[in-house]
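Each chain, written out:
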Amino acid sequence: ALITAPACFAAVHVETGFSGTDKGFKLGAVPPPSRNDAATSATFSLVDGQRDGNGGALTVLNDGRVPYEQDEPARNFFFQNGSNGGRIEVDLGKAVSIKSIHTFSWHPRARGPQVYKVYAAKGGGTGFTDAPKRNTDPASCGWKPIAAVDTRKNGQGGQHAVSISDPGTNLGEFRYLLFDIKSPDTKDPQANTFLSEIDVVDANGPAPEGVAGKIVKSHTA
């Protein structure tokens, strides 16, 4: 399934791809994961919430690899069982002109869908707060709302992919991204999303190359 819809936060498009079977994250119009995007060398930090000890560290989100199997905890990052997600900050090291943001997840059941809001900031300036906790609205401290994502309408078990972009221009020039991630099903204590990869495409960077593992074919964003 492929659904295109405007994000509620900004004039951007959120495209979602889904497959109930293993298609190597080649999901419609959403580009497959990359191993040389701007997030590859970025620093990922846990701002709020706790990592589940059965899953991988934050580094699995930008290591240029994807899971081989649909239920592979060590190859995914997910928040602690019983919690309602948390916040992850991505520091690109410098401000870049962001063309698009792509996120990927894979699980046979409730951990598959993605539900999150993403914000962006250049950093610095009066009123800017780095790494705001969940009790702080990022928009109140120097962060720009970019998009709201919810792939639950596509189904549960399977591969989920999201592409966030503005067809008319780039998303903007930013150094930081903040992902406020929620559980797809708060009634299920084991429903926090198995996040496999987060890509950030620099409009002035190289054409993205396919990740190691199941994805080996180069692609352009």
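The rules behind these values
Residues numbered from 1 in each chain as written. Predicted model: local features only at pLDDT ≥ 70, side-chain atom pairs only at ≥ 80, totals over all residues. Heavy atoms only, no water. Helix = DSSP H or I, 4+ residues; strand = E, 2+ residues; numbered from the N terminus. Buried < 20%, exposed > 50% of the residue type's maximum accessible area, 1.4 Å probe, protein only. Contact = heavy atoms within 4.5 Å. Areas by Shrake-Rupley, 256 points an atom, 1.4 Å probe, with all protein chains shown as cover. Lys, Arg positive; Asp, Glu negative; His and termini not counted. Charge placed at Lys NZ, Arg CZ, Asp CG, Glu CD. Phe/Tyr/Trp six-rings, centres within 6.5 Å; stacked < 30°, edge-to-face > 60°. pLDDT = per-residue confidence, 0-100. Core = buried A, V, L, I, M, F, W, Y, C linked by side-chain atoms within 4.5 Å.

Student: How would you sum up the overall build of the chain? Please name residues and give values.
Tutor: Looking only at helices and strands, the chain features 0 helices and 9 strands. Secondary structure elements of the chain occur, N-terminal to C-terminal, as β-β-β-β-β-β-β-β-β. A principal-axis box enclosing the C-alpha atoms of the chain has dimensions of 45 × 40 × 30 Å. Here the chain holds 221 residues, and 52% of them are scored as buried. In the chain, 79% of the contacts between residues at least 6 apart in sequence involve partners at least 24 apart. Looking at the chain as shown, the accessible area adds up to about 9200 Å², and 46% of this sits on carbon and sulfur atoms. Averaging the coordinates of the 23 positive side-chain charges in the chain and doing the same for the 23 negative ones gives two points 2 Å apart.

Student: Please set out the packing of aromatic side chains residue by residue, giving values where relevant.
Tutor: Summed over the entire model, instances satisfying the criterion amount to 8 aromatic pairs. Aromatic side chains Y116 and F179 sit 5.6 Å apart centroid to centroid with 65° between the ring planes, which places their arrangement in the edge-to-face category. Of this pair, Y116 sits in strand β5 (residues 115-121) while F179 is found in strand β8 (residues 172-181), placing the two residues 63 residues apart along the sequence. Among the residues examined, Y116 registers a relative accessible area of 4% and is labelled buried. The buried category is assigned to F179, whose relative accessible area is 1%.

Student: Let's hear about the confidence of the model for the chain: which residues, and what values?
Tutor: Residues of the chain with pLDDT of at least 70 account for 90%, and the chain-wide mean is 90. For the stretch residues 213-221, pLDDT sits under 50, and the model shows 31 contacts to residues farther than four places along the chain or on other chains.

Student: If you had to explain the nonpolar core to someone new, which residues and values would you point to?
Tutor: Counting residues in hydrophobic clusters, the biggest one holds 33 residues, and the most contacted among them are F44, L61, I98, I164 and F179. Contributing elements (two or more residues each) for this core: β4 (86-107), β5, β6 (144-150), β7 (158-165), β8 and β9 (195-202). For this core, the element with the highest residue contribution is β4, accounting for 6 residues. Apart from the residues lying within four places of it in its own chain, the contact partners of L61 are F44, F77, I88, L195, S196, E197 and I198. The next biggest cluster of nonpolar side chains, apart from the first, holds 8 residues, and it includes V47, C141, W143 and Y176.

Student: Go over the environment of F128 with me, naming the residues and quoting the values.
Tutor: Along the chain, the position of F128 falls in the loop between β5 and β6. Among the residues examined, F128 registers a relative accessible area of 19% and is labelled buried. The residues touching F128, leaving out its near neighbours within four places in the chain, are A121, G123, C141, G142, W143 and Y176.

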